[in-house]
Amino acid sequence: MELKSEITCPTCGYKKLERMPTDACWFFYDCNGCGVKLRPNAGDCCVFCSFGTIPCPPIQEARADGTGAICCGGR
């Protein structure tokens, strides 16, 4: 399982490598480049799933074992 994901701001293009928590979601993320507050896109559970290079750990796990993609402790 990957625990680091690079978040890219869709407003300014700023990128930052972040360590993903395994026990919680990030519903909001403040861009260090332009200051915009990122929120997940419709249908995504967190900012890593919307703007990261790697989806959050619960989604990675669900994809690996073929179960339904339930995010952030919703099992």
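Preceding this section is the structure that the text describes.
Just so it is clear, the structure is predicted and the values come from calculations on it, not from any experiment. (Residues numbered from 1 in each chain as written. Predicted model: local features only at pLDDT ≥ 70, side-chain atom pairs only at ≥ 80, totals over all residues. Heavy atoms only, no water.)

(A) Broad picture of the overall build of the protein chain. In terms of helices and strands, the protein chain carries 2 helices and 4 strands. Start at the N end of the protein chain and walk to the C end: the helices and strands fall as β-β-β-β-α-α. Partitioning the intrachain contacts of the protein chain with sequence separation of at least 6 by distance along the chain shows that 31% fall at a separation of at least 24. Of the roughly 4500 Å² that the protein chain leaves accessible, carbon and sulfur atoms contribute 50%. (Helix = DSSP H or I, 4+ residues; strand = E, 2+ residues; numbered from the N terminus. Contact = heavy atoms within 4.5 Å. Areas by Shrake-Rupley, 256 points an atom, 1.4 Å probe, with all protein chains shown as cover.)

(B) Up close: the pattern of salt bridges. The final tally for this structure, using the stated rule, is 2 salt bridges. Of the charged contacts, one joins K16 and E18 as a salt bridge, the two residues approaching to 3.7 Å between their closest N and O atoms. K16 sits in the partly exposed class, given a relative accessible area of 30%. Note that K37 is salt-bridged to D30, the shortest N-O span being 3.4 Å. (Salt bridge = Lys/Arg side-chain N within 4 Å of Asp/Glu carboxyl O. Buried < 20%, exposed > 50% of the residue type's maximum accessible area, 1.4 Å probe, protein only.)

(C) Spotlight on the side chain of S5. Counting through the fold element by element, S5 comes out in strand β1 (residues 4–8). Residue class for S5 comes out buried when judged on its relative accessible area of 0%. Within the structure, the side chain of S5 is placed 2.9 Å from the backbone oxygen of I54, a separation counted as a polar contact. When sequence neighbours within four positions are dropped, the list of residues in contact with S5 reads K16, L17, E18, M20, F48, G52, T53 and I54. (Polar contact = N/O pair within 3.5 Å; in protein donor to acceptor, adjacent residues only side chain to side chain.)

(D) Quick look at the nonpolar core. Ranked by size, the top nonpolar core spans 14 residues in total, and within it I7, L38, C46 and V47 carry the most contacts. When near neighbours in sequence (up to four residues on either side) are disregarded, I7 contacts Y14, K15, K16, E18, Y29, L38, V47, F48, F51 and G52. (Core = buried A, V, L, I, M, F, W, Y, C linked by side-chain atoms within 4.5 Å.)

By themselves these figures say nothing about function.
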